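Structure at a glance
So the chains spell out like this:
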Amino acid sequence: MIQLSQKPLKINHELPESGRGSYWITTFGCQMNKADSERMAGILEGMGYKEAKAELQADLVLYNTCTIRDNAEQKVYSYLGKQARRKHLSPHLKLIVAGCVAQQEGAALLRRVPELDLVMGPQHANRLETLLNQVDNGHQVVATEESHILEDLTAARRDSKVSAWVNVIYGCNERCTYCVVPSVRGKEQSREPEAIRKEIENLAQKDFKEITLLGQNIDAYGRDLKEISSLQREKISLKDLLTYIHDIDGIERIRFATSHPRYFTDELIQTCAEHSKICEHFHIPFQSGDNEILKRMARGYTIERYKKIIYKIKEVMPEASISADVIVAFPGETEVQFQNTLNIIEEIGFDQVNTAAYSPRPNTPAAKWAGQIQEEVKVERLKRVNQLVAETARVRNKRYEGRVEEVLVEGINPKNREQLMGRTRTNRLTFFPQHSNSYLLYKAGDIVKVKIEEIRSFSLTGTPIN
Ligand code: SAH
Ligand code: SF4
Ligand code: F3S
């Protein structure tokens, strides 16, 4: 959430004069972590902490970590080394590791970095205040036990004023053989629909225009609710939730992620088509284009089923954009199997694909399998897939040329302050001049009709039309 400071080392030796002092949060990983960081920032501000101007001046530093691949995990150790040294000069500094590395390593992190005050897994994000109180009482705290995620009463401190993430289901019950998420995020826990609606109503009151419902496997929403709910409720699924929140005044756009092809239904596609606020953009990872690899990944679908979903979406919503995630060089992946992945990218013509080379993760079956692919092959396959993804995205983007798109303005383009930036309904990043003539000015939160004139692989540029 908060950008890293590139400034030279500047150390604040003073104890905070008033209040609690300042905090700094650096977030790694996925949207789930970003949403957690926003809630933790809200808790810290509620406790009296102020946002620090720079990481190396903060009185409290919190790293919200990711361990999806080894390089994500390693990042935090290099950041921690710097802060641990600082703590020897400024003993009042509070040092916290939250998120997925915290959950994976637990007390072992304290042994590795004894300067840490608090190690807290993702299920404990909403308990930050209680945990910090224990730290203030002189304890070094590790909070990684499986826990029921409390409804948070503190307002999140959101980065955007326009677009907000709303967690609807935590955890994941799948067992994809490469993936560390179930072991660090725990079992599925859906939030009550009433609590979700209330959060979105509050966002609408604060002028937010767009929400993205979040879950690692959002199609699983509701399947655990019957058991834990104190209410006698009927079965509720993602499509019911979407229908239930659709009428909230002020919210103009609704998105959701991440979809799982194993559970994605035709009814969900129909619901999206019938509700005008639900944007025609779908993020549905396929992970591999080869059935044998999909089986070994334990994904629970074939590439034929995946294609059927995509073609159904395209039939019902011809303008829809489709993005996905893919892993190359999974253990045992042959050149032919890799080619099957390239083929599917070409056949479907994705708008965007997040690519990664397989990385063995602790406590996952595939990490121990024979047939681990050499580093050079990983690098080479990743390069080839990235080239194809950029080319496919550029070709897909051609359809925007000359068209008028509704762009929800997020703010000023940090790379060109003369431009505003926002997204189309299909989630394409779009830039346009701040004012096309002297009396036209737009601001964050406006929906502007923009005529698209310039196409790149991952963004567009245009001119607003009146
Ligand atoms: N819940 C989502 C994805 C969560 S993790 C889903 O089921 O699709 C985000 C992405 O990281 C995954 O889609 C996958 O492409 C990638 N990923 C997960 N584990 C990985 C690993 N061990 N090596 C490389 N990439 C991985
Ligand atoms: Fe990981 Fe699979 Fe769960 Fe996604 S569905 S988070 S890839 S285990
Ligand atoms: Fe990373 Fe944890 Fe998300 S491992 S991808 S931050 S769920």
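None of the values given here were measured: they were computed from a predicted structure.

**Section: the packing of aromatic side chains**
Taken as a whole, this structure holds 13 aromatic pairs when the rule is applied. Ring geometry for Phe28 against Tyr79: centres 5.2 Å apart, planes inclined by 80°, an arrangement best described as edge-to-face. On the criterion of sequence distance, the pair formed by Phe28 in the loop between strand 1 (22-27) and helix 1 (31-47) and Tyr79 in helix 2 (residues 70-89) is long-range, its members being 51 residues apart. Residue classification places Phe28 among the buried positions, given a relative accessible area of 8%. By the ring-pair criterion, three or more aromatic residues cluster together here, those being Tyr178, Phe330, Tyr358 and Trp369. Across the ring face of Tyr79, the terminal group of Lys82 is positioned such that the distance to the ring centre comes to 5.3 Å.

**Some words on the nonpolar core**
Grouped together as the largest cluster of nonpolar side chains are 67 residues, with contacts concentrated most on Leu213, Phe256, Phe282, Phe286, Tyr306 and Ile313. Formed jointly, this core draws a minimum of three residues from each of two domains, domain 2 (160-279) and domain 3 (311-399). Among residues more than four places away in sequence, those in contact with Ile313 are Phe264, Ile269, Phe282, Ile284, Pro318, Ala320 and Ile322. One finds Val76, Leu80, Val97 and Leu116 within the second-largest nonpolar core, a separate group that totals 23 residues.

**Here's the deal with the packing of helix 12 (residues 303-316) against helix 13 (residues 335-348)**
Viewed as axis vectors pointing N to C, helix 12 and helix 13 meet at an angle of 15°, and their least axial separation amounts to 12 Å. One element, helix 12, and the other, helix 13, form an angle in the roughly parallel class. Considering how the two elements wind past one another, helix 12 and helix 13 form a crossing that is right-handed. The segment helix 12 lies against helix 13, with Ile303, Tyr306, Lys307, Ile310, Tyr311 and Lys314 engaging Ile344, Glu347 and Ile348. Residues of the contact of helix 12 with helix 13, tallied by class, amount to 6 nonpolar, no polar and 3 charged.

**Looking at the environment of Thr334**
By the secondary structure assignment, Thr334 is in the loop between strand 13 (321-328) and helix 13. In the structure, Thr334 is positioned 128 residues away from Lys206 in sequence and 52 Å away in space, judged by C-alpha atoms.

Rules and cut-offs
Residues numbered from 1 in each chain as written. Chains lettered and ligands numbered in written order. Predicted model: local features only at pLDDT ≥ 70, side-chain atom pairs only at ≥ 80, totals over all residues. Heavy atoms only, no water. Phe/Tyr/Trp six-rings, centres within 6.5 Å; stacked < 30°, edge-to-face > 60°. Helix = DSSP H or I, 4+ residues; strand = E, 2+ residues; numbered from the N terminus. Buried < 20%, exposed > 50% of the residue type's maximum accessible area, 1.4 Å probe, protein only. Lys NZ or Arg CZ within 6 Å of the ring centre and 35° of its normal. Core = buried A, V, L, I, M, F, W, Y, C linked by side-chain atoms within 4.5 Å. Domains from an automatic or database assignment. Contact = heavy atoms within 4.5 Å. Axes fitted to C-alpha atoms, helices over the stretch in contact; angles between N-to-C directions. Parallel < 35°, antiparallel > 145°, perpendicular 65-115°, else oblique. Left-handed = near helix turned anticlockwise from the far one by under 90°. Nonpolar A, V, L, I, M, F, W, Y, C, P; charged D, E, K, R; others polar.

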